[in-house]
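Residue strings, one per chain:
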Amino acid sequence: AQSVTQLDSQVPVFEEAPVELRCNYSSSVSVYLFWYVQYPNQGLQLLLKYLSGSTLVKGINGFEAEFNKSQTSFHLRKPSVHISDTAEYFCAVRGSARQLTFGSGTQLTVLP
Amino acid sequence: EAGVTQFPSHSVIEKGQTVTLRCDPISGHDNLYWYRRVMGKEIKFLLHFVKESKQDESGMPNNRFLAERTGGTYSTLKVQPAELEDSGVYFCASSLTGLRNTEAFFGQGTRLTVV
């Protein structure tokens, strides 16, 4: 079984500032890692995923995440945020089964 | 190409009534999943279809929930009778068959409110 912890439920940040959304996971098997974003009144959209290989993964909209196996973390970063990045972000893992296990989500609010 | 579509987008029903949610996956996607998010908590897995067969229904909360996938195409999730704690957002997702790294595409969700 797996579990995912998103350490911050709310992250306010000013426009053009950098942001990091934290995600830690636990699993007894190797996992694939994902970040999804949900914009208001929309479904979940895949931002990026780590499957294997390079631990630094780049996604859409300028986001990137780094897989750290020793710290069991997969933090999401963006060097300069925009108002349009305001959304809820979900970290998820997939282990031996095909379904995803999600964290509780982080609401990112970008302030002008 | 159409994405995953869910109907209705919102539903408000009284306790004890029946509600049926529908999900149309992306054409050609054999895998279909239902998830639920209750009261701002984490999104939780309910069940997984491969074509018309239930592959894993370990996340179904109780026998008031019935999921079907007719002919391996669209899926319905029926709640009968609905209880207050069933309120939440129900997401459907679909993916291709293959390696477990294939991406799951999500619908916009159905917000269910039981009053």
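All of these numbers come straight from a predicted model, not from anything done at the bench.

**So, the state of the cysteines**
No. 1: Applying the stated criterion across every chain yields a total of two disulfides over all chains.
No. 2: Here Cys23(A) pairs with Cys91(A) through a disulfide, and the sulfurs are 2.0 Å apart. Looking along the S-S bond of the Cys23(A)-Cys91(A) disulfide, the torsion reads about -65°, which is the left-handed sense. With Cys23(A) in the loop between β3 (19-21) and β4 (24-27) and Cys91(A) in strand β10 (residues 87-94), this residue pair connects regions lying 68 residues apart in the sequence.
No. 3: With a sulfur-sulfur separation of 1.8 Å, Cys23(B) is cross-linked through a disulfide to Cys92(B). In this structure the cystine formed by Cys23(B) and Cys92(B) twists about its S-S bond by roughly -65°; its chirality is therefore left-handed. Of the two residues, Cys23(B) sits in strand β3 (residues 19-24) while Cys92(B) sits in strand β9 (residues 88-95), which places them 69 residues apart along the sequence. The burial state of Cys23(B) is the same as that of Cys92(B); both residues are buried.

**A few points about the nonpolar core**
All names here are of chain A.
No. 1: Core analysis: the biggest nonpolar cluster contains 28 residues, and Leu-33, Trp-35, Leu-47, Leu-48, Phe-74, Leu-76 and Tyr-89 have the highest contact counts within it.
No. 2: Elements represented by at least two residues in this core include exactly β2 (10-14), β3, β5 (32-38), β6 (44-50), β8 (64-68), β9 (73-78), β10 and β12 (106-111).
No. 3: In terms of residues, this core owes the most to one element, β10, which gives four residues.
No. 4: Apart from residues no more than four positions distant in its own chain, Phe-74 is found in contact with Cys-23, Leu-33, Phe-34, Trp-35, Leu-48, Tyr-50, Ala-65, Glu-66 and Phe-67.

**Here's the deal with the packing of aromatic side chains**
Any pair of aromatic rings gets described here by the distance separating the centres and the angle formed by the planes.
No. 1: Tallied over the entire structure, the rule returns 12 aromatic pairs over all chains.
No. 2: Judged by centre distance (6.0 Å) and plane angle (80°), the ring pair of Phe102(A) and Phe106(B) falls under edge-to-face. Residue Phe102(A) is located in strand β11 (residues 101-102), and its partner Phe106(B) is located in strand β10 (residues 105-106); the two belong to separate chains.
No. 3: The structure contains a cluster of three or more aromatic residues connected by ring pairs, namely Phe34(A), Tyr36(A), Phe90(A), Phe102(A), Tyr33(B), Tyr35(B), Phe45(B) and Phe106(B).
No. 4: The cationic tip of Arg22(B) hangs over the ring face of Tyr74(B); the distance from NZ or CZ to the ring centre is 3.8 Å.

Reading guide: rules and limits
Residues numbered from 1 in each chain as written. Chains lettered and ligands numbered in written order. Predicted model: local features only at pLDDT ≥ 70, side-chain atom pairs only at ≥ 80, totals over all residues. Heavy atoms only, no water. Disulfide = S-S within 2.5 Å. Helix = DSSP H or I, 4+ residues; strand = E, 2+ residues; numbered from the N terminus. Buried < 20%, exposed > 50% of the residue type's maximum accessible area, 1.4 Å probe, protein only. Core = buried A, V, L, I, M, F, W, Y, C linked by side-chain atoms within 4.5 Å. Contact = heavy atoms within 4.5 Å. Phe/Tyr/Trp six-rings, centres within 6.5 Å; stacked < 30°, edge-to-face > 60°. Lys NZ or Arg CZ within 6 Å of the ring centre and 35° of its normal.

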